[in-house]
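One letter stands for each residue in the lines below.
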Amino acid sequence: MNMARRLDVIIFGASGFTGKYAVLESVKLLANMKWGIAGRSQNKLQDTLKEIGEKAKTDLSHVPIVLADVNNQDSLINMARDCRVIVNCCGPYRLYGEPVLKACLAERTHHVDVSGEPQFLEGMQLKYHEAAKEKGIYLISACGFDSIPADMGTVFLEQQFDGVVNSVESYIVSKQTGRRELGAIHYGTWASAVHAIANMNEVGEIRRKLFAKKMPDVKPKLPERPTLHRSEQGNKWSLPFQGADRSCVARTQRFFYETENKRPLQMRAYISFGGLAEALAVSFVGAIFWMMVKTNFGRQMLLNHPKLFSFGMVSHEGPSDEAMNNTHFALYFEGKGWEEKLASPEDKYTTPPNKVIRTKVAGTNPGYGATCVALVLCGRTILEESDKMPGSGGFLTPGAAFAKTNLINELCKNGFTFEVLSTAKL
């Protein structure tokens, strides 16, 4: 397969909020590669290069610009033909993602994105996994804050465990230092959530087809905690996390069961808050959101008045650089399992788990900075380490795609930390 292409990487949707941060991170992370940017408007793309060039104190005027529009398939095909991997920042992916995947398949171009919408992730896997394997390309979604910390964090926990992990619970904690500001969430993220939750019912249908093959019935079962509860690590008020993390980890586990006959672990994801008042406020916003998202009228209200219904948390401008650099996140993991391995995933343990490991993944600016570092590194890793990736391609989770690569080390060189806090016998 001839991969002599003009560019290594194209960042598509580069003038959008997430796209601009991907361009900023690329200045450093893609320094020894040929990369370009793409989108609909030449003027906006030139402005982006100027703005990010000033931020990065680097002249970006030489960066190639490719014009491509999700409503024009030929333009997407030309873009895909021009590079080896597309870094796709053009969401909500539910609305705009599939045409780009089709172009990548047509031209045998790898693709990474930051979707956190389970029905996009699972629906596209169902539709395109076999085709991607045949074409020898990797299509990897959820390469941002959904779900690199959780998915690679679970991979890391298993690598460090030395034994067999039965269950993992994760708690996201984020804290802001400095001045708190409203509008800490960008409108695009809010819109994606509206579309994702409005169409949750589709996920059941997709899963019945995607996961037709039965998984082994692993015991003991990991129960779900009460909706509002205090975390064991840190004793913080916590709620179930509504992102794609659990879906991603489950798909990674299924992949390793199907390809390596590994016993699948169970995972549940939670999010912790500063105090009870904050946890209740978030539940309240969540409850209003759930009620409104069920009707067409409600969805329009949420999309047209984001500030009002999020109590000021969402804005079209998104957070300022200062606020983002002052936002730190950590995922705390607790994994339980056995020191001894059994011959087959179907074998049953007769004793309860006898070992526990606690790990942590942390970084800065979860929504946009860490997201874009992870996204660009995922694209780069495909180009540099495809020999350490499974098979010849496919529509994969980050965990399935990158478990055997150096991605975790590269993340650690670029602002993330992955660490073992403790291990103990139970």
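Residues numbered from 1 in each chain as written. Predicted model: local features only at pLDDT ≥ 70, side-chain atom pairs only at ≥ 80, totals over all residues. Heavy atoms only, no water.

A word on the overall build of the chain
Looking only at helices and strands, one finds 17 helices and 16 strands in the chain. A compact globule built from 426 residues would reach a C-alpha radius of gyration of about 22 Å, and the chain, at 21 Å, matches this within 12%. Taking the principal axes of its C-alpha atoms as reference, the chain extends roughly 65 × 50 × 40 Å. At a minimum sequence separation of 6, the contacts of the chain that also span at least 24 residues come to 81%. For the chain, the computed accessible surface area is about 18800 Å², with 53% contributed by carbon and sulfur atoms. Computing the positive centroid from 51 side-chain charges and the negative centroid from 44, the chain places the two 3 Å apart. (Helix = DSSP H or I, 4+ residues; strand = E, 2+ residues; numbered from the N terminus. Rg over C-alpha atoms; globule rule 2.2 N^0.38 Å. Contact = heavy atoms within 4.5 Å. Areas by Shrake-Rupley, 256 points an atom, 1.4 Å probe, with all protein chains shown as cover. Lys, Arg positive; Asp, Glu negative; His and termini not counted. Charge placed at Lys NZ, Arg CZ, Asp CG, Glu CD.)

Focus: the nonpolar core
If you look at the biggest cluster of nonpolar residues, it comprises 103 residues, and the most contacted ones within it are F12 and M79. Here this core spans two domains, and each of domain 1 (7–140) and domain 2 (148–367 + 406–425) adds at least three residues to it. Excluding residues within four positions of it along the chain, M79 makes contact with I10, F12, A38, V66, A68, I86 and V100. Counting residues in each nonpolar core, the second largest holds 13 residues, with Y187, M292, L303 and V314 among its members. (Core = buried A, V, L, I, M, F, W, Y, C linked by side-chain atoms within 4.5 Å. Buried < 20%, exposed > 50% of the residue type's maximum accessible area, 1.4 Å probe, protein only. Domains from an automatic or database assignment.)

Thoughts on the domain arrangement of the chain
In terms of domain boundaries, the chain breaks down into domain 1 (7–140) and domain 2 (148–367 + 406–425). Counting residues at the interface gives 17 residues for domain 1 and 24 residues for domain 2. It is F17, Q119 and E122 that lose the most area in domain 1 upon contact with domain 2, and together they represent 35% of the buried surface on that side. Summed over the shared surface of domain 1 and domain 2, the number is three salt bridges. For the pair domain 1 and domain 2, the number of links is 10 residue pairs in polar contact (both at pLDDT 80 or more). At the level of secondary structure, the elements contributing two or more residues to the side of domain 1 that touches domain 2 comprise helix 1 (17–29), helix 4 (93–96) and helix 6 (118–135). Ranked by residue count, the leading element in the side of domain 1 that touches domain 2 is helix 6, at seven residues. Of the residues belonging to the side of domain 1 that touches domain 2, the class tally is eight nonpolar, four polar and five charged. (Buried area = accessible area lost by both parts, 1.4 Å probe. Salt bridge = Lys/Arg side-chain N within 4 Å of Asp/Glu carboxyl O. Polar contact = N/O pair within 3.5 Å; in protein donor to acceptor, adjacent residues only side chain to side chain. Nonpolar A, V, L, I, M, F, W, Y, C, P; charged D, E, K, R; others polar.)

Looking at the UniProt feature "transmembrane region" (unreviewed entry) in the chain
In the UniProt entry, the feature "transmembrane region" (unreviewed entry) is given for residues 269–293. Strand forms 16% of residues 269–293 and helix 72%; the C-alpha atoms that close the span are 23 Å apart. (UniProt positions renumbered as here; feature names shortened; annotations may be inferred.)

Things to note about the pattern of salt bridges
Per the stated rule, a full pass over the model turns up 27 salt bridges. With its nearest N and O atoms 2.8 Å apart, the salt bridge here joins E169 to R225. Separated by 56 residues along the polypeptide, E169 in strand 7 (residues 164–176) and R225 in the loop between helix 9 (201–210) and strand 9 (229–230) bring together distant segments of the chain. The exposure class assigned to E169 is buried, which follows from its relative accessible area of 8%. Linked by salt bridges that have partners in common, R380, E384, E410 and K413 make up one network.

Observations concerning a nonpolar patch on the surface
A surface patch of nonpolar side chains, amounting to about 220 Å² of accessible area, comprises L228, L276 and L280. Along the chain, L276 turns up in helix 11 (residues 276–293). We classify L276 as partly exposed; its relative accessible area is 35%. (Patch = residues over 30% accessible without salt bridge, like charges linked within 9 Å, V, L, I, M, F, W, Y side chains within 5 Å.)

Re the sheet that holds strand 5 (residues 110–113)
Adjacent strands of a sheet form backbone hydrogen bonds with each other and so pair up, either parallel or antiparallel. Sheet architecture is open: seven strands sit in the order 3-2-1-4-5-6-15, paired in parallel fashion. Strand pairing shows two members of the sheet lacking a second neighbour, strand 3 (65–67) and strand 15 (394–396), which therefore form its edges. Neighbour-to-neighbour, the strand axes of this sheet turn through a mean angle of 20°, independent of strand direction. Pairing of strand 5 with strand 6 (residues 138–140), which is carried by two bridges, proceeds in the parallel orientation. By the bridge assignment, V112 is partnered in strand 6 with I140. Against the sheet, helix 5 (residues 98–107) contacts strand 1 (7–12), strand 4 (83–88), strand 5, strand 6 and strand 15, and its axis sits at roughly 155° relative to strand 5. Across the sheet, helix 15 (residues 366–385) lies against strand 1, strand 4, strand 5 and strand 6, angled at about 160° from strand 5, the strand it touches most. (Pairing = 2+ DSSP bridges. Axes fitted to C-alpha atoms, helices over the stretch in contact; angles between N-to-C directions.)

Quick notes on empty space enclosed by the protein
Overall, the coordinates contain one cavity of 30 Å³ or more when judged by the stated rule. Contributing to the lining of the largest cavity are E169, Y171, R225, E232, Q233, Y332, F333 and E334. Mapped by element, the contributors of at least two residues to the lining of the largest cavity are strand 7 and strand 13 (327–338). Broken down by element, the residue count for the lining of the largest cavity peaks at three residues, all from strand 13. Considering only residue class, the lining of the largest cavity consists of three nonpolar, one polar and four charged. (1 Å grid on protein atoms, 1.4 Å probe; cavity = no way out; pocket = protein on both sides within 12 Å on 5 of 7 lines; lining within 4 Å. Points joined across faces, edges and corners; volume = space filled by probe spheres on them.)

Overview of the UniProt feature "domain: Saccharopine dehydrogenase NADP binding" (unreviewed entry) in the chain
The residues that UniProt annotates with the feature "domain: Saccharopine dehydrogenase NADP binding" (unreviewed entry) are residues 9–140. Regarding residues 9–140, the helix share stands at 52% and the strand share at 19%, and the terminal C-alpha atoms are separated by 15 Å.

Describing the pairing of strand 4
Sheet faces and side chains relate simply in a regular strand, where the side chains alternate between the two faces. Counting buried positions over the six residues of strand 4 gives five, a clear majority of the element. Sheet topology note: the strand 4/strand 5 ladder contains four bridges and is parallel. Within strand 5, the position partnered with I86 by the bridge is H111.

Some thoughts on the environment of P345
Summarising the element assignment, P345 is placed in the loop between strand 13 and strand 14 (355–364). You can call P345 buried: its relative accessible area is 6%. Placed 142 residues apart in sequence, P345 and V203 show a C-alpha to C-alpha distance of 27 Å. With residues up to four places along the chain from it excluded, the contact list for P345 reads P216, Y257, N261, K262 and R263.

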